[in-house]
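Residue-level listing of the chains:
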Amino acid sequence: MERSLAFLLLCLGLLPQGRGRGLEVDPPEPEVAVAVGESRQLSCYLACPSRWASSVQWRGLDTSLGAVQSAAGSSVLSVVNASLSAAGTRVCVGSCGNLTFQRTVRLLVYAFPDELSVSPTALVPGQDQTVVCTAHNITPLDPDSLSFSLLLGNQELEGAQALGWEVEPQEDEDPLFHVTERWLLPPLGALALHHLHCQATMRLPGLELSRRRAIPEPPTTTAPEPPTSTTPEPSTTTAPEPPTSTTPEQGSVPVPCHPEILWPSTTATAEREATWELSCKVACGPPGVAVHWTQAPGGLAAYEQREVGAQAWLTVRQAEHAPRGWFQCRVDPGGEVTSLYVDLRSTPGPGDVQPSAALWTGTLVLGLLLLAFLAYRLRKHCRSLG
């Protein structure tokens with residue numbers, strides 16, 4: 001009986017077809033990246049017909065699974081203070097009655113601190129010379145993920161010959177590495193050498209980070225000033241002033257300044273589509289403080305970003321993407337972060353009511369046609385017997 005009901009629901013479009021399509025995972029990407037020491041949540045949801053009980057659970061494959069909180073129809077996996085050993089595949093398994101669904105997510109743990117070093121200490125204009133750039137304490141080493149470039153201003157320097165990588169493992173428990181790239185420079189003028197930078201870039205699913213260091217500028221030589229002869233002025237004896245003692249002010253000790261995430265506000269556009277906006281701001285800090293978004297459900301590329309000094313915004317059309325998950329922003333300098341969990345999928349949008357009414361109307365019409373057909377066949381059968 002349950003299999004017949006499941007087949008009928010599949011025909012009517014009320015139950016997802018195919019293995020794994022009934023499960024909804026946030027973030028939806030098959031690979032999710034998290035930095036060493038940071039935290040990440042993976043959420044799994046399954047909606048079943050009202051008469052069927054739903055069960056959802058995360059499982060690990062030869063990995064440390066992490067903290068799991070499961071409820072009816074949902075399961076949330078939290079990876080806190082991620083280490084390199086936390087990398088691996090996680091599996092979400094859900095069931096509706098006798099139907100089973102499965103989704104896999106590969107967790108990538110990376111290390112890419114802002115630790116670049118360059119040499120030599122100074123370049124000489126007009127000569128062929130070698131530039132060395134080293135990124136420290138990084139992983140992974142996949143050439144598709146890590147790349148180096150030599151920039152003149154904001155453009156890649158033409159004529160520089162890359163001499164290849166040198167990889168040195170770090171002497172520590174974690175498998176981190178020091179990666180060095182070398183370039184043979186063409187002869188450059190003094191003006192060009194003042195705008196030369198080394199850049200290392202890490203590209204992972206839903207993430208792209210860059211670190212940049214300026215190549216030391218060539219020393220400037222100035223002619224010494226001629227000595228000036230002065231006649232000594234007659235000395236006057238004055239009583240020395242008493243020394244003044246100063247005490248440090250309370251404000252001399254920097255106080256951590258935490259950013260604040262404000263709940264999104266929804267507005268209607270000219271196309272009658274709902275949009276929402278999430279903002280992160282910091283109310284204190286030194287001059288030049290800046291706020292950046294570092295995490296969002298589905299990746300930051302799915303959102304429109306704006307950053308103006310001590311405040312940053314994320315904007316998206318609700319018709320295109322109704323987010324559910326953790327948002328995180330950071331303030332620089334200082335590195336203080338804050339997170340907020342947002343679930344906008346439970347709030348119906350302007351176009352959600354009409355598709356639901358159309359679905360039930362179509363189902364009702366289909367049921368009436370089926371009953372009419374059965375009644376016609378039964379009447380015809382009875383007449384043939386009479």
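Reference entry: report on the structure contained in this document.

Parameters at a glance
Residues numbered from 1 in each chain as written. Predicted model: local features only at pLDDT ≥ 70, side-chain atom pairs only at ≥ 80, totals over all residues. Heavy atoms only, no water. Helix = DSSP H or I, 4+ residues; strand = E, 2+ residues; numbered from the N terminus. Buried < 20%, exposed > 50% of the residue type's maximum accessible area, 1.4 Å probe, protein only. Areas by Shrake-Rupley, 256 points an atom, 1.4 Å probe, with all protein chains shown as cover. 1 Å grid on protein atoms, 1.4 Å probe; cavity = no way out; pocket = protein on both sides within 12 Å on 5 of 7 lines; lining within 4 Å. Points joined across faces, edges and corners; volume = space filled by probe spheres on them. Nonpolar A, V, L, I, M, F, W, Y, C, P; charged D, E, K, R; others polar. Pairing = 2+ DSSP bridges. Axes fitted to C-alpha atoms, helices over the stretch in contact; angles between N-to-C directions. Disulfide = S-S within 2.5 Å. Salt bridge = Lys/Arg side-chain N within 4 Å of Asp/Glu carboxyl O. Contact = heavy atoms within 4.5 Å. Phe/Tyr/Trp six-rings, centres within 6.5 Å; stacked < 30°, edge-to-face > 60°. Lys NZ or Arg CZ within 6 Å of the ring centre and 35° of its normal. Polar contact = N/O pair within 3.5 Å; in protein donor to acceptor, adjacent residues only side chain to side chain. Core = buried A, V, L, I, M, F, W, Y, C linked by side-chain atoms within 4.5 Å.

**So, the overall build of the protein chain**
Scanning the protein chain from terminus to terminus reveals three helices and 23 strands. By the burial criterion, 33% of the 386 residues in the protein chain qualify as buried. Counting only carbon and sulfur atoms, one obtains 54% of the accessible surface of the protein chain, whose full area is about 24200 Å².

**Description of the layout of surface pockets**
For the largest pocket, the calculated volume is near 800 Å³. Considering the residues around the largest pocket, the lining is formed by 34 residues, among which Y110, L207, L209, T294 and L300 are closest to the centre. Going through the elements one at a time, β2 (31–35), β16 (207–214), β19 (290–295) and β20 (304–308) are the ones with two or more residues in the lining of the largest pocket. For the lining of the largest pocket, a count of residues per class yields 16 nonpolar, ten polar and eight charged.

**Things to note about the sheet that holds strand β4 (residues 54–60)**
Taken in spatial order, the four strands line up as β2-β8-β7-β4 in an open sheet, and their pairing is mixed. On the outer flanks of this sheet lie β2 and β4, each paired with one strand and no other. Strand-to-strand twist in this sheet, taken as the mean axis angle between neighbours without regard to direction, amounts to 25°. Sheet topology note: the strand β7 (residues 88–96)/strand β8 (residues 99–110) ladder contains nine bridges and is antiparallel. Across the sheet, V91 pairs through a bridge with T104, a residue of β8.

**Points about the state of the cysteines**
Within this structure, the stated rule accounts for four disulfides. Here C48 connects covalently by a disulfide to C96, the sulfurs 1.6 Å from one another. One disulfide, between C48 and C96, carries an S-S torsion of -80° and so falls in the left-handed class. Here C48, found in the loop between β3 (40–46) and β4, pairs with C96, found in strand β7; they are 48 residues apart in sequence, far enough to count as distant. Residue classification places C96 among the buried residues on the basis of a relative accessible area of 1%. Between the sulfur atoms of C133 and its disulfide mate C198 the distance is 1.7 Å. Classification of the bridge connecting C133 and C198 rests on its S-S torsion, roughly -75°, and on that basis the disulfide is left-handed. On the criterion of sequence distance, the pair formed by C133 in strand β10 (residues 129–138) and C198 in strand β15 (residues 196–204) is long-range, its members being 65 residues apart.

**Brief notes about the pattern of salt bridges**
Opposite charge on two side chains permits them to pair, given that their charged atoms come into close proximity. A full pass over the atoms with the stated rule returns six salt bridges. Across the salt bridge formed by R213 and D114, the nearest N and O atoms sit 3.3 Å from each other. On the criterion of sequence distance, the pair formed by R213 in strand β16 and D114 in the loop between β8 and β9 (116–119) is long-range, its members being 99 residues apart. According to the relative accessible area criterion, R213 is partly exposed, its value standing at 28%.

**With respect to the sheet that holds strand β12 (residues 155–156)**
On the basis of which strands lie adjacent, the open sheet formed by four strands has the order β12-β11-β15-β16 and antiparallel pairing. This sheet does not close on itself; its edge strands, each paired only once, are β12 and β16. As judged from the two bridges shared by strand β11 (residues 146–152) and β12, these two strands associate in the antiparallel manner. Counterpart to L151 in the pairing with β12 is E156.

**Some remarks on the environment of H197**
Turning to its location among the elements, H197 is positioned in strand β15. Spatially, the C-alpha atom of H197 lies 6.6 Å from that of R212, the residues being 15 residues apart in sequence. Excluding residues within four positions of it along the chain, H197 makes contact with S149, L150, L151, G153, R212, R213, A214 and I215.

**A short note on the packing of aromatic side chains**
Summed over all chains, the structure comprises three aromatic pairs. Here the aromatic rings of W293 and F327 are separated by 6.4 Å at their centres, their planes lie at 75°, and the arrangement is edge-to-face. With W293 in strand β19 and F327 in strand β22 (residues 324–332), the pair connects residues that are 34 residues apart, well separated along the chain. For W293, a relative accessible area of 5% puts it in the buried group. Of the aromatic side chains, those joined through ring pairs into one cluster are W293, Y303 and F327. Seen from the ring of W313, R306 lies directly overhead, with NZ or CZ sitting 4.5 Å from the centre.

**With respect to the environment of V76**
Along the polypeptide, V76 turns up in strand β6 (residues 74–79). The spatial distance from the C-alpha of V76 to the C-alpha of Y45 is 8.8 Å, given a sequence separation of 31 residues. Apart from the residues within four sequence positions on either side, V76 is in contact with Q41, L42, S43, W58, A67, V68 and Q69.

**Regarding the side chain of Q199**
By the secondary structure assignment, Q199 is in strand β15. For Q199, the side chain forms a polar contact with the side chain of R212, separated by 3.1 Å.

**Brief notes about the nonpolar core**
Residues F148 and L196 are the most contacted members of the largest nonpolar core, which totals 26 residues. At the level of elements, β2, β8, β10, β11, β14 (177–185) and β15 are the ones that each hand at least two residues to this core. Sort the elements by how many residues they give to this core and β15 lands first, with five residues. Not counting the four nearest positions on each side in its chain, F148 is found in contact with C133, A135, W165, V179, E181, W183, Q199 and A200. By size, the runner-up hydrophobic cluster in this structure holds 23 residues, among which are V79, A82, A86 and C92.

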